[in-house]
Amino acid sequence: MTSGLQLLRGVARRLAGAVLLLWAAATLTFVGLRALPGSVESVVLGVHLNDPGLAEQVRSSLGLDRPFLVQYGDYLLGLLRGDFGRSYVLNADVTDVVGAQLLPTLGLAAASVVLAGALAWLIAVLSAGAGPGTERVLHVLELLAICLPTFWVGSLLQLGLSFHLQWFPSVGADGFSSLVLPMITLALPIAGLLSQYMREEIALTLRQPWVLTVRSRGASGFRLRSVHLMPHVAISTLTVAGNTLGLLIGGAVIVESVFGRPGLGRVALDAVTDSDAPVTVAVVLIITTAYVLITTAIDLAALIIDPRLRQEAHG
Amino acid sequence: MNAPLVEIHDLSIRFGEHTAVSNVSLSVRAGTCVALVGESGSGKSTIARAVLGLGDQAARTSSTTMLIDGVDASGWTERDWRRVRGRFAGLVLQDALVSLDPLRSVRREVTEAVRAGGASRKEAPEKVLGLLRDVGFPDPEKRSGQFAHQLSGGLRQRALIASALGGSPRLLIADEPTTALDVSVQRQVLDLLARKRDEGLGILLVSHDLAAVADIADHVIVLRGGKVIEQGPPSALLHSPGHPYTRELVQAIPRLHHRPDRTERTAESPAPEVVLHAESIRVQYRTLTALDDVSLTLKRGQTVGVVGQSGSGKSTLLRVLLATQQPQSGQVLLDGQPWSDLPEKARRQRRRRIQVVPQDPLSSFDPRWTVRQILTEALPGKAGRAECAQALEAVAVPVDVLQRRPLELSGGQRQRVAIARALAAEPEVLLCDEAVSALDVLVQAQILALLERIRAERGISMVFVSHDLAVVRQVSDEVIVLKDGHVVESGTADDVYERPQHAYTKSLLASLPPALSEGA
């Protein structure tokens, strides 16, 4: 009972923090974009900037002639209603622009993370304690997976599996088969990072005295690794995995370009290059929200897995 | 009588070039307890694990006979070994806090053992409760959902024993099963093992503590460096040890009613001055009272022993004396002047007068520093090699150790270096925090002798904190018994030990192994 209450209180505190974080992100983006060189009119009007009267018209239609604080308040109120305004460049509602691109990116990111996690777990479990030779080879492979530039790996996969063998389409976002190559490209560096980390965690955990106890009960090696080891390794690995979100976003921008996929990555890239403030704000807020949701979920998962953490939350 | 559960002849275990065990023979019968006794590195745990086929992968094992339950096990594969683990023999390790999976409740851990022993999903829950009840785990219906970290040391050790018994084994291998426990709890766990033995279980007990195993074991094998030094019934080993090493072991056991040669202390100055005085100390952590109205007076050249079990407030008291923690009320005086009430800045000059000897020196040294660097920092002024060598000499450590780092030292050497570091500041007071608790009994005796010599030669005063009653008895002039932050009894060592007044002190003394109470 009490531990459930504690959990609720933890979540509430977490959500309050999330609101604060989102507000800070919104404010920083707002101020930052206003401080950037190149006025909003110039972005909207482009070559027509010098036409007399037009600039005035744009300013008043966007409400830029009002005091700064009023604009800021309006902007926040808009965000609260889910209204991100209109794109300066695309002449469309930001919600529509971003909404259409959100799903493909989410799908790509989720698929990549799942693939990376599964790959890392498989490699780590099979190779933990396999001897120094195997470990050294794997270590080099993992370093390669982390270090090789994403656009290069992507192009290589296109060349081999798409142009040459014609297994998968090289571009587009049409069904699962077009997801495979981007997913692999994005998953490789994350898998390399996670499997390195997991293997070390597994080796460390295997040295714990309770492992001897489990083995002394006659439990099989499979049971030891899947039932006992898994949660131990999951707790610390999840935290690391949560921190690869940045890697994921950076990777998504590149992967979506290489494979010609629609998605948030490309929208973000375009919006920043074109100084399209409303779209940039929306993307930043989406990424922040994702970050908050993921870290909260991971912390909750850790609380559920590890009773010792629940105890600490009590005291 | 029935055939032995385990019969091993000429067991040898090698790790590469290093021989960990050589030509050890043993057999354990149902309803008997065989104990392997030796210091760390004697090979006792290696042997115990070999009986379950749980040795290190790198180990090479050979023997002329290896009968497990009457079957030749010499060629067994992992698969064969798994069949006897749990069902034929269970294993109990030192501390259940780390020997039970910390992410799983007691119920799930014991259930796993019961299921691995062949119980069906349906009959398992009832069997788990029965086992827990049998080992004295209170209210198992409600409390078995708890995790190891939520239980006291004694309770989780009982849970661990229940899980080892889950597969209804006929043999129990217990590797230092009571070492991490307080003395009265240790007693209870040993009694539990003795009861299981009387019910017909065979027990292979591994321990560094000859005194603790003496009253449960039927047969004791003394090991050193992987070889059998001597063996026989415990009473014979304790009273007439044949081998010089066994004799040394027996003599090193700290005794309650026998004190080693003590240098005359109080005679030289009839009324020694008070060096350190703590007055009605009270420390409160939120709702928990860690110390309540605790007073302590330390006179020059004397030792005050502080006895208490874990959670009694010993460590808090030490921190207050060291003035690294402020008491809520009461104060500490050093040389009759304010100490705990001063701001840290004013204290800093006099900090050198109180030094600490920690339980685990390894973690109190910077692992990258050599012994010479450690001592140079502690010595006053610009100390050269000569001064460092002198400091080592005072604690009987060879000078060539100066260039080594803490990890390259033996446990005893480390503790000596820690003492040398404390002495380097030329303190008036040494606070010894479980200073010998982590050491093997022989090394422990040497370090105690060293501390005694230092006290006599330099007139240093000591506060000696320990959970080990016999050790405290050996070194102390006065003794304070702490329980839950209260002083339940205090007085001269003779009074407290020979004529204990408080029921708690009496129960502590009664729970000591009988071997300690006997004269030497």
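Residues numbered from 1 in each chain as written. Chains lettered and ligands numbered in written order. Predicted model: local features only at pLDDT ≥ 70, side-chain atom pairs only at ≥ 80, totals over all residues.

Draft legend 1. A look at the overall build of chain A. Looking only at helices and strands, one finds 14 helices and zero strands in chain A. Listing the helices and strands of chain A from first to last along the sequence gives α-α-α-α-α-α-α-α-α-α-α-α-α-α. The dimensions of chain A, computed from C-alpha atoms along their principal axes, are 85 × 60 × 30 Å. Expressed as a percentage of its 315 residues, the buried residues of chain A come to 29%. Across chain A, every contact between residues at least 6 apart in sequence was considered, and the portion connecting residues at least 24 apart equals 74%. (Helix = DSSP H or I, 4+ residues; strand = E, 2+ residues; numbered from the N terminus. Buried ≥ 20, exposed ≤ 12 C-beta atoms within 10 Å, placed from the backbone. Contact = placed C-beta atoms within 7 Å.)

Draft legend 2. Expanded view of the nonpolar core. Counting residues in hydrophobic clusters, the biggest one holds 157 residues, and the most contacted among them are Ala35, Ile173, Leu205, Val213, Cys432 and Val463 of chain B. With residues up to four places along the chain from it excluded, the contact list for valine 463 of chain B reads Leu298, Val304, Val306, Leu321, Leu431 and Cys432 of chain B. Ile123, Leu193, Ala234 and Ile254 of chain A belong to the second largest nonpolar core, which has 34 residues in total. (Core = buried A, V, L, I, M, F, W, Y, C linked by C-beta atoms within 7 Å.)

Draft legend 3. Quick peek at the sheet that holds strand E15 (residues 329-334) of chain B. Residue and element names in this part refer to chain B. In spatial order, the strands read E13-E12-E15-E16; together these four strands make up an open sheet with antiparallel pairing. What marks the edges here is a single partner per strand, and that holds for strand E13 (288-299) and strand E16 (337-338). Relative to E16, E15 is paired through two bridges, and the arrangement is antiparallel. Across the sheet, leucine 334 pairs through a bridge with glutamine 337, a residue of E16. Relative to the sheet, helix H12 (residues 314-321) contacts strand E12 (274-285), E13 and E15, its axis offset from that of E12 by approximately 125°. (Pairing = 2+ DSSP bridges. Axes fitted to C-alpha atoms, helices over the stretch in contact; angles between N-to-C directions.)

Draft legend 4. Fine view of the domain arrangement of chain A. Residues and elements named next belong to chain A. Looking at the assigned domains, one finds that chain A contains domain 1 (17-80) and domain 2 (95-314). Between domain 1 and domain 2, the C-alpha centre-to-centre distance is 36 Å. Contact residues are listed per partner, giving 12 residues for domain 1 and 12 residues for domain 2. When residues of the side of domain 1 that touches domain 2 are traced back to their parent elements, those giving at least two are helix H1 (2-35) and helix H2 (40-45). Here the element with the most residues in the side of domain 1 that touches domain 2 is H1; it accounts for eight residues. (Domains from an automatic or database assignment.)

Draft legend 5. Spotlight on the interface of chain A and chain B. Across the contact, 20 residues belong to chain A and 24 residues belong to chain B. Every element with two or more residues in the side of chain A that touches chain B is listed here: helix H9 (209-216), helix H10 (221-243) and helix H14 (307-314) of chain A. Looking at which element gives the most residues to the side of chain A that touches chain B, the answer is H9 of chain A, with seven residues. Residue composition of the side of chain A that touches chain B, grouped by class: eight nonpolar, eight polar and four charged. (Nonpolar A, V, L, I, M, F, W, Y, C, P; charged D, E, K, R; others polar.)

Draft legend 6. Seen up close, unusual backbone geometry. All names here are of chain B. With phi around 55°, aspartate 69 is a residue other than glycine that occupies positive phi space. Accessibility expressed as a C-beta count within 10 Å gives 16 for aspartate 69, which makes it partly exposed. The phi dihedral of aspartate 484 falls on the positive side, at around 50°, and the residue is not glycine. Its location among the elements puts aspartate 484 in the loop between strand E20 (478-483) and strand E21 (486-492).

Draft legend 7. Structural view of the UniProt feature "domain: ABC transporter" (unreviewed entry) in chain B. Residues and elements named next belong to chain B. Residues annotated by UniProt as "domain: ABC transporter" (unreviewed entry) correspond here to residues 6-250 and 276-509. Annotated as 37% helix and 26% strand, the span residues 6-250 places its first and last C-alpha atoms 28 Å apart. Regarding residues 276-509, the helix share stands at 37% and the strand share at 27%, and the terminal C-alpha atoms are separated by 28 Å. (UniProt positions renumbered as here; feature names shortened; annotations may be inferred.)

Draft legend 8. Geometry of the sheet that holds strand E7 (residues 89-92) of chain B. Residue and element names in this part refer to chain B. Spatial strand order, E7-E8-E9-E3-E10-E11: six strands in an open sheet with mixed pairing. For this open sheet the edge positions go to E7 and strand E11 (227-232), each flanked by a neighbour on one side alone. Between one strand axis and the next, the sheet turns through 15° on average, direction left out of account. Pairing geometry for strand E8 (residues 171-175) and strand E9 (residues 202-207), over five bridges, is parallel. Residue pairing for E9: aspartate 175 is matched across the bridge by valine 206.

Draft legend 9. Expanded view of helix H21 (residues 503-510) of chain B. All names here are of chain B. Buried within H21 we find Thr505, Leu508 and Leu509. Axial view of H21: buried residues confined to an arc of 95°, hence all on one face. For H21, exposure combined with an orientation more than 90 degrees from the buried face picks out Ala503 and Lys506. Packed against the buried residues of H21 are helix H8 (183-198), helix H19 (469-475), E20, E21 and helix H20 (493-498). (Arc of directions from axis to C-beta.)

Draft legend 10. Layout of the packing of helix H7 (residues 150-164) of chain A against helix H8 (residues 177-206) of chain A. Residue and element names in this part refer to chain A. Packing of H7 against H8 leaves a shortest axis separation of 9 Å and a crossing angle of 140°. With respect to H8, the axis of H7 lies oblique. Note on packing geometry: the crossing formed by H7 with H8 is right-handed. Here Thr150, Val153, Gly154, Leu157, Gln158, Leu161 and Ser162 of H7 come into contact with H8, specifically with Leu181, Ile184, Thr185, Leu188 and Pro189. Of the residues that constitute the contact of H7 with H8, the class distribution is seven nonpolar, five polar and no charged. (Parallel < 35°, antiparallel > 145°, perpendicular 65-115°, else oblique. Left-handed = near helix turned anticlockwise from the far one by under 90°.)

Draft legend 11. Just the environment of glutamine 326 of chain B, in detail. Residue and element names in this part refer to chain B. Relative to the helices and strands, glutamine 326 is located in the loop between H12 and E15. On the basis of neighbour counts, which here come to 11 C-beta atoms within 10 Å, the residue glutamine 326 falls in the exposed class. Spatially, the C-alpha atom of glutamine 326 lies 59 Å from that of isoleucine 68, the residues being 258 residues apart in sequence.

Draft legend 12. Representation of the UniProt feature "transmembrane region" (unreviewed entry) in chain A in the model. All names here are of chain A. According to UniProt, the feature "transmembrane region" (unreviewed entry) maps to residues 106-128, 140-159, 179-198, 233-259 and 279-305 in the numbering used here. Helix makes up 90% of residues 140-159 and strand 0%. Its end C-alpha atoms lie 24 Å apart. Note that residues 279-305 is 100% helix and 0% strand, and that its end C-alpha atoms are spaced 39 Å apart.

Draft legend 13. Summary view of the pairing of strand E10 (residues 219-224) of chain B. All names here are of chain B. Two elements, strand E3 (residues 33-37) and E10, share four bridges in a ladder whose sense is parallel. Paired with alanine 35 across the two strands is valine 220, which belongs to E10. Across five bridges, E10 lies against E11 in antiparallel orientation. Paired with arginine 224 across the two strands is lysine 227, which belongs to E11. In textbook terms, the turn of a hairpin is the stretch between consecutive antiparallel strands, and for E10 and E11 this stretch comprises two residues, one of which, glycine 225, has a positive phi near 55°.

Draft legend 14. Spotlight on the packing of H10 of chain A against helix H13 (residues 277-305) of chain A. Residues and elements named next belong to chain A. Where H10 contacts H13, the axes come no closer than 10 Å and their chain directions differ by 165°. Viewed along their axes, H10 and H13 adopt a mutual orientation that is roughly antiparallel. The handedness of the crossing between H10 and H13 comes out as left-handed. For the pair H10 and H13, the contacting residues are Pro231, Ala234, Ile235, Leu238, Thr239 and Gly242 in the first and Ile294, Thr295, Ile298, Ala301, Ala302 and Ile305 in the second. Among the residues forming the contact of H10 with H13, the class breakdown is nine nonpolar, three polar and no charged.

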